[in-house]
Amino acid sequence: MDMQAKPQDLLIFHLTGRRSGDGLAAIDGLQLRPALLAPYRELAAMRHDFPLVLTEHPDDPEFVRSLSVLVDVVLQDVAPRGIAGERLRRHALQLEHAIRVAVDAATTGTLAELWDQAAAAIGARDGETLEQVLEHAGGALPVDGQVLGCNPAMPAILITHAWRAAHRAKARRFQGELSRLVQKLSDILRAAYSHSQAGRQPQSLRESLGGPHQAAFDFEALSRIVGKGVPRDELPPARRARLEHTLSALEQQTVYDFDDPAAEAYLFDNCAAAAAAFRERLPQIAALAKAVAIAELEVSGRYVEAEHDLFFEAFDARALTAVDLARFPDYMVCIPPDRNEAPENAGLMEMLSSGAPVKVLVQTSDLLEDASIGSGHFAFGVRSARLATAAMGLGGMFVLQSASSNLFALRARIAHGMACREPALFSVFTGVASAAVAADSLPTYLTAAAAMQSRAFPAFSYDAAAGANWAARFSLENNPQSDDDWSVETLSYCDAALQRASEPCAFTYADFVLCDPRHAAHFALVARARWNPQMLPVADWLTLDDSEAAQRVPYVLAVDQKDTLQRVIVDAKLMQATRRCLLLWHRLQEHGGVHDSHAERLLAREKAAWQATQQGQAAVAATAMAPAAPAAAATVAPTDAAAAAHSRDEAWIDTARCPSCNECQLINDRMFGYDERKQAFIKDLAAGTYRQLVEAAESCQVAIIHPGAPRDPKEPGLEELLVRAEPFR
Ligand code: SF4
């Protein structure tokens, strides 16, 4: 065996994706999974958030519960403490397991139904008495509702259910408000009538007195006495007309259908239909909002005709404010995963930024589209990940991104997004790689959890109404170890000498890709005999500088179906994608205040100023301390002048406008550098590829990198790169 050739084989695979030598094997069909996922083979046997129970009771503050939590509640209620209750506890957990298995096998039903089915199955096996005991325990369940497993359809069902709960709460509030106003307006009209001539007629007086004592009165005489000097109508005609018209508008409103808790009329599967329905109903909403506003003024005695008549005469849909709209139903749009790019959803961002009362669910079913790697384009998951961040950039809305496995943990945020006044976007990874490989893939729950764990699809929320700065508005939610690049757990295993061993193991983007059999070509299995110090875990390899990295080969730890530990090396394309994933994660971290480059830059600037002052260089210090505002004020003219000085084909940076975010240097710090004012310029165009130039242009937060034309006409993928570069040239 040629021992010298072994490290070479690994490097060749890493650089080219081609296997040579007999120490490397393809992983196709081996059903490898990341080593950290080894303990999760029997997911149904583990108590976790799923399945969920969708609750509908109006007094229940939660719209969803976890089956495990409900079983715990039942056991607390019915199982005797200590050893006496042990048997019941054990059987209840068996029953919970049976329900979990049934739901994973696509059984549907309410909790009460599935509980009884599971109790009957256990009873058939272990005796009728046990069945009765378990059925009795089921009677103590505090809630009932549809049971939902973590499957591809779950996010749409859960989010729609949350929206319905918010809709019902809103409808109840409005119904209460409406009843109050109707009652008060009716009281005003009734009082005016009883004080009028009509109200003092014998018949009216008889009706107002009630039954048993009517015979004791002479209503004719009474009418003559109390009717003297009474006006024909206490209300001026204009006010009476206004009151009657307003009352009728409130009583006959059709904006809310209080008898339809499903609110199907406000549920859509595409943005265009929702926007059209919103526009169509606007006149109705404006009329109702106007009636409510007039009624409020009337019942509080603040309606001043000279002031309000003209205002309400001109009141139409254009006069509706966010406060007005917040009273009325929100439109729920659940876009099916395969329709994200469809023309009818092209107006998504416009709809959200317009402030329309919409809640939109966008589902991503595949973070690793084949074309990404096939074309050499390493922007894995960028499109879907960027949807939520782009929406954040527009401001004025609520944004939540999460993998489906994490939705239960974020239920309070979902409820908040549904109840808030602003438009809301829910961007969810459904946890399905592809129907074509579903049989070979991990369960949906594990795939979704792996996407979040690996930073491929991190969770975050943004609430524009929560405060004036990012610290108040943005949250990295419950990402594991969110201060770090990767989440690291301890991997315990038996080594070759059958001794217990453990080591820290990072769960990286490359681990996530390993779960998807479509991308097996980016990995090669290294025979244990060929493990050598040249191999480095992916997370460690990423920290090396270029020259060191060129000598080493990154690998992930995996297990096969027998749970034997394996090392799988990763090719350069996937490592590029992993680096890109990390870059996007760093950006989110910055929003969340982790490693904030602005704070670090400010610190550096303050330090420089202090040093300058110390040296008595007041002028230099003043320059160092100058805030960005004067430069920003001067940006427009120099920018135009700068643009005029460069051709479309020239690569350049509008350096004067650079706020030093560092993104371009993270992509290639030999190509991009900072000048003495810590603003970016192109240091060496030949030090990188056109692809890096285009990616830097796309990453630049202020769009001041102009990639020009490619230097190397043979660079792969130029056609696609030129399309991407066009907006920046
Ligand atoms: S990405 Fe843009 S803003 Fe950030 S450092 Fe580079 S040029 Fe400046």
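None of these values were measured; they are calculated from a predicted model. (Residues numbered from 1 in each chain as written. Predicted model: local features only at pLDDT ≥ 70, side-chain atom pairs only at ≥ 80, totals over all residues. Heavy atoms only, no water.)

Novice: Account for the overall build of the chain, naming residues and giving values.
Specialist: A tally of regular secondary structure across the chain gives 29 helices and 22 strands. With 729 residues in all, the chain has 47% of them scored as buried. In the chain, the share of contacts with a sequence separation of at least 24, taken over all contacts with a separation of at least 6, comes to 70%. Entry remark: accessible area of the chain is about 35300 Å², with carbon and sulfur atoms responsible for 55%. (Helix = DSSP H or I, 4+ residues; strand = E, 2+ residues; numbered from the N terminus. Buried < 20%, exposed > 50% of the residue type's maximum accessible area, 1.4 Å probe, protein only. Contact = heavy atoms within 4.5 Å. Areas by Shrake-Rupley, 256 points an atom, 1.4 Å probe, with all protein chains shown as cover.)

Novice: Describe the pattern of salt bridges, naming the residues involved and giving the relevant values.
Specialist: The final tally for this structure, using the stated rule, is 31 salt bridges. With a closest N to O distance of 2.8 Å, Glu177 and Arg327 form a salt bridge. Taken together, the positions of Glu177 in helix α6 (residues 154–194) and Arg327 in the loop between α12 (322–326) and β7 (331–335) put the pair 150 residues apart, joining distant regions of the chain. Judged by its relative accessible area of 19%, Glu177 is buried. Since its relative accessible area comes to 25%, Arg327 is described here as partly exposed. For Asp187, the salt bridge is made with Arg190, and the minimal N-O distance between the two is 3.1 Å. Within this pair, Asp187 and its partner Arg190 are both found in helix α6, separated by 3 residues, close to a single helical turn. (Salt bridge = Lys/Arg side-chain N within 4 Å of Asp/Glu carboxyl O.)

Novice: An account of the nonpolar core is requested, with residue identities and associated values reported.
Specialist: General note: in soluble globular proteins, nonpolar side chains tend to be found buried as a group. The biggest cluster of nonpolar side chains holds 154 residues, and the ones touching the most others in it are Leu250, Val360 and Ile569. Of the residues forming this core, the biggest block, 15 residues, is contributed by helix α10 (residues 271–299). Setting aside residues no more than four positions away along its own chain, Ile569 makes contact with Leu10, Phe13, Leu24, His522, Phe523, Ala524, Val526, Met535, Val553, Pro554 and Tyr555. Val74, Leu95, Ala137 and Leu141 belong to the second-largest nonpolar core, a separate cluster that totals 24 residues. (Core = buried A, V, L, I, M, F, W, Y, C linked by side-chain atoms within 4.5 Å.)

Novice: Before we move on, can you summarise the sheet that holds strand β5 (residues 147–148) with the specific residues and values?
Specialist: On the basis of which strands lie adjacent, the open sheet formed by 3 strands has the order β4-β3-β5 and antiparallel pairing. Across the chains shown, the open sheet's two edge strands, defined by having one partner strand only, are β4 (64–66) and β5. Along the sheet face, α6 touches β3 (52–54), β4 and β5 and points at about 40 degrees away from the line of β3. (Pairing = 2+ DSSP bridges. Axes fitted to C-alpha atoms, helices over the stretch in contact; angles between N-to-C directions.)

Novice: I'd like a description of the sheet that holds strand β11 (residues 460–463), backed by residues and values.
Specialist: What the 7 strands build is an open sheet, ordered β6-β7-β8-β10-β9-β11-β12; its pairing is mixed. This sheet does not close on itself; its edge strands, each paired only once, are β6 (267–268) and β12 (474–475). Bridging between β7 and strand β8 (residues 358–364) involves 5 bridges; their strand directions are parallel. Opposite Ile335, over in β8, you have Val362 as the bridge partner. Its contacts with the sheet put helix α16 (residues 411–419) on β7, β8, β9 (398–403), β10 (424–429) and β11, and the angle it makes with β9 is roughly 150 degrees.

Novice: So what's going on with the packing of helix α4 (residues 111–126) against helix α5 (residues 128–138)? Residues and values would help.
Specialist: At a minimum axis distance of 7 Å, the contact between α4 and α5 shows a crossing angle of 160 degrees. In terms of axis orientation, α4 runs roughly antiparallel to α5. For the crossing formed where α4 meets α5, the hand is right-handed. For the pair α4 and α5, the contacting residues are Trp115, Asp116, Ala119, Ala120, Ile122, Gly123 and Asp126 in the first and Glu128, Leu130, Glu131, Leu134, Glu135, Ala137 and Gly138 in the second. By residue class, the composition of the contact of α4 with α5 is 7 nonpolar, 2 polar and 5 charged. (Parallel < 35°, antiparallel > 145°, perpendicular 65-115°, else oblique. Left-handed = near helix turned anticlockwise from the far one by under 90°. Nonpolar A, V, L, I, M, F, W, Y, C, P; charged D, E, K, R; others polar.)

Novice: If you had to explain helix α22 (residues 572–591) to someone new, which residues and values would you point to?
Specialist: Residues spaced three or four apart along an α-helix face the same direction, because each turn holds 3.6 residues. Here α22 spans 29 Å end to end across 20 residues, near enough to the 28 Å set by a 1.5 Å rise per residue. Backbone geometry just downstream of α22 places Gly593 in the positive-phi region, at approximately 85 degrees. (Expected span 1.5 Å × (residues − 1).)

Novice: I'd like a rundown of the environment of Cys661, residues and numbers included.
Specialist: Tracing the chain through its elements places Cys661 in the loop between β19 (652–653) and α27 (663–667). For Cys661, a relative accessible area of 12% translates into the label buried. Linking Cys661 and Cys700, residues 39 residues apart in sequence, is a C-alpha distance of 8.0 Å.

Novice: Could you give an account of the side chain of Asp516, naming the residues involved and the relevant values?
Specialist: Residue position: Asp516 is located in the loop between α19 (509–514) and β15 (523–526). Reaching out from Asp516, the side chain makes a polar contact with the side chain of Arg518 at a distance of 2.5 Å. (Polar contact = N/O pair within 3.5 Å; in protein donor to acceptor, adjacent residues only side chain to side chain.)

Novice: Kindly report on the packing of aromatic side chains, identifying the contributing residues and their values.
Specialist: Evaluation of the coordinates by the stated rule reveals 18 aromatic pairs. Three or more aromatic residues joined by ring pairs form one cluster here, namely Phe174, Tyr256, Phe258 and Phe328. Here Arg242 stacks its cationic end above the ring of Tyr303, 3.9 Å away from the centre of that ring. Across the ring face of Phe408, the terminal group of Arg411 is positioned such that the distance to the ring centre comes to 4.0 Å. (Phe/Tyr/Trp six-rings, centres within 6.5 Å; stacked < 30°, edge-to-face > 60°. Lys NZ or Arg CZ within 6 Å of the ring centre and 35° of its normal.)

Novice: If you had to explain the layout of surface pockets to someone new, which residues and values would you point to?
Specialist: Reported here for the largest pocket is a volume of approximately 1600 Å³. Looking at the largest pocket, it is lined by 43 residues, and the ones nearest its centre are Asp546, Gln576, Arg579, Ile667 and Gln692. The set of elements that each furnish at least two residues to the lining of the largest pocket consists of α1 (5–16), α20 (538–541), α21 (546–549), α22, α27 and α28 (690–699). Counting residues per element, the lining of the largest pocket draws most heavily on α22, at 9 residues. (1 Å grid on protein atoms, 1.4 Å probe; cavity = no way out; pocket = protein on both sides within 12 Å on 5 of 7 lines; lining within 4 Å. Points joined across faces, edges and corners; volume = space filled by probe spheres on them.)

Novice: How would you summarise a negative patch on the surface if you had to cite specific residues and measurements?
Specialist: Taken together, the side chains of Glu113, Asp116, Glu135 and Asp144 define an acidic patch exposed on the protein surface. Take Asp144: it is sitting in the loop between α5 and β5. (Patch = residues over 30% accessible without salt bridge, like charges linked within 9 Å, V, L, I, M, F, W, Y side chains within 5 Å. Lys, Arg positive; Asp, Glu negative; His and termini not counted. Charge placed at Lys NZ, Arg CZ, Asp CG, Glu CD.)

Novice: Before we move on, could you go through the pairing of β10 and cite the residues and values that matter?
Specialist: Among the 6 residues of β10, 6 are classified as buried, and the element is accordingly described as predominantly covered. Residues Ala424, Phe426 and Val428 line one face of β10 and the alternating positions Leu425, Ser427 and Phe429 line the opposite face, and both faces are buried. Both β8 and β10 contribute to a ladder of 6 bridges, which runs parallel. Bridging across to β10, Leu361 finds its partner in Phe426. Taken together, the 6 bridges between β9 and β10 define a ladder with parallel strand orientation. Residue pairing across strands places Val399 opposite Leu425, the latter belonging to β10. Following the backbone out of β9, through α16 and into the adjacent parallel β10, one traces a crossover that is right-handed. (Right-handed = clockwise from strand over helix to strand, strands pointing away.)

Novice: Give me the pairing of β8: which residues, what numbers.
Specialist: With 7 of 7 residues buried, β8 lies mostly within the body of the structure. Residues Val358, Val360, Val362 and Thr364 point to one face of β8 and Lys359, Leu361 and Gln363 to the other, with burial holding for every one of them. You can see the chain leave β7, run along helix α13 (residues 348–353) and come back into β8, and the turn it takes is right-handed.

Novice: Talk me through the environment of Met392; I want residue IDs and the actual numbers.
Specialist: Assignment of secondary structure puts Met392 in helix α15 (residues 382–394). We classify Met392 as buried; its relative accessible area is 3%. Considering only alpha carbons, one finds Met392 and Ser461, 69 residues apart in sequence, at a separation of 9.0 Å. Ignoring sequence-local partners within four residues, the contact set of Met392 consists of Val399, Phe460, Tyr462, Trp470, Phe474 and His591.

Novice: With reference to specific residues and values, describe unusual backbone geometry.
Specialist: Only a minority of non-glycine residues have a phi that is not negative, and only a minority of peptide bonds are not trans. Cis geometry marks the peptide bond from Phe50 to Pro51; its omega dihedral reads 0 degrees. A positive phi angle, near 45 degrees, is found at Glu477, a position not held by glycine. Here Glu477 is to be found in the loop between β12 and β13 (487–494). We classify Glu477 as partly exposed; its relative accessible area is 23%. If you check the backbone angles, Leu498 has positive phi at about 60 degrees while not being a glycine. Structurally, the position occupied by Leu498 is in the loop between β13 and β14 (500–507).

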